[in-house]
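Analysis of the macromolecular model
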Amino acid sequence: MAEVLGFKWYDEFNENLGPRWVYYLFRLLNREDRNVAINGVWVIAQLSSDGLWKHASWVSRQVELGASPDLSELFALKPWLEDYSLN
């Protein structure tokens, strides 16, 4: 996660994403598909840093439940989320 977000120190997570980052991002650690984890981490981190906690939670839960690697079905449901993607 730190590599994807460009963080070098653990404290940077709290500083940049707020106190709830652990709850949303740790759900992604057990994903076997690295692409899902990378996209999910990025989108959730961006939403969290903007204070959109409910949306971050929703994306996190969808990824945990098996969202596709490119998150396309989530973007189809909520097109504005694409503004938060890596692409």
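Worth saying up front: this structure is predicted, and the values here are computed from it rather than measured.

Calculation criteria
- Residues numbered from 1 in each chain as written.
- Predicted model: local features only at pLDDT ≥ 70, side-chain atom pairs only at ≥ 80, totals over all residues.
- Heavy atoms only, no water.
- Helix = DSSP H or I, 4+ residues; strand = E, 2+ residues; numbered from the N terminus.
- Buried < 20%, exposed > 50% of the residue type's maximum accessible area, 1.4 Å probe, protein only.
- Lys, Arg positive; Asp, Glu negative; His and termini not counted.
- Salt bridge = Lys/Arg side-chain N within 4 Å of Asp/Glu carboxyl O.
- 1 Å grid on protein atoms, 1.4 Å probe; cavity = no way out; pocket = protein on both sides within 12 Å on 5 of 7 lines; lining within 4 Å.
- Points joined across faces, edges and corners; volume = space filled by probe spheres on them.
- Nonpolar A, V, L, I, M, F, W, Y, C, P; charged D, E, K, R; others polar.
- Core = buried A, V, L, I, M, F, W, Y, C linked by side-chain atoms within 4.5 Å.
- Contact = heavy atoms within 4.5 Å.

1. Comments concerning the side chain of Glu12
In this structure, Glu12 sits in helix α2 (residues 11-17). Of the buried charged residues, Glu12 lacks a salt bridge, with Lys8 as the closest side chain of opposite charge at 7.6 Å.

2. Brief notes about the layout of surface pockets
For the largest pocket, the calculated volume is near 170 Å³. Lining the largest pocket are 10 residues, with Met1, Val4, Arg34, Ala37 and Ile38 positioned closest to its centre. Going through the elements one at a time, α1 (2-5) and α4 (34-49) are the ones with two or more residues in the lining of the largest pocket. Per element, the largest residue contribution to the lining of the largest pocket is four residues, and it comes from α4. Tallied by class, the residues present in the lining of the largest pocket amount to seven nonpolar, no polar and three charged.

3. Quick notes on the environment of Gly51
Tracing the backbone shows Gly51 in the loop between α4 and α5 (53-64). In sequence terms Gly51 and Leu25 are 26 residues apart; their C-alpha atoms lie 15 Å from each other.

4. Focus: the nonpolar core
Formed by 23 residues in total, the largest nonpolar core has its most connected members in Leu17 and Val59. Sorting the residues of this core by element identifies α2, α3 (21-25), α4, α5 and α6 (72-77) as the ones contributing at least two each. If sequence neighbours within four positions are ignored, Leu17 has contacts with Leu5, Phe7, Glu12, Leu25, Ala45, Ser48, Ser49 and Trp53.

5. Let's talk about the side chain of Ser60
Structurally, Ser60 is set in helix α5. For Ser60, a relative accessible area of 0% translates into the label buried. Once residues lying within four places of it in the same chain are set aside, the contact partners of Ser60 are Tyr24, Arg27 and Ile44.

6. Focus: the pattern of salt bridges
Applying the stated criterion across every chain, the model contains one salt bridge. Between Glu64 and Arg61 there is a salt bridge; the shortest N-O distance is 2.6 Å. In this pair, Glu64 and Arg61 are both assigned in helix α5, three residues apart and thus about one turn of the helix distant.

7. A look at the environment of Ile38
With respect to the element layout, Ile38 can be found in helix α4. Separated by 23 residues in the primary sequence, Ile38 and Glu15 have C-alpha atoms spaced 20 Å apart. Filtering out sequence-adjacent residues up to four positions away, Ile38 remains in contact with Val4 and Leu86.

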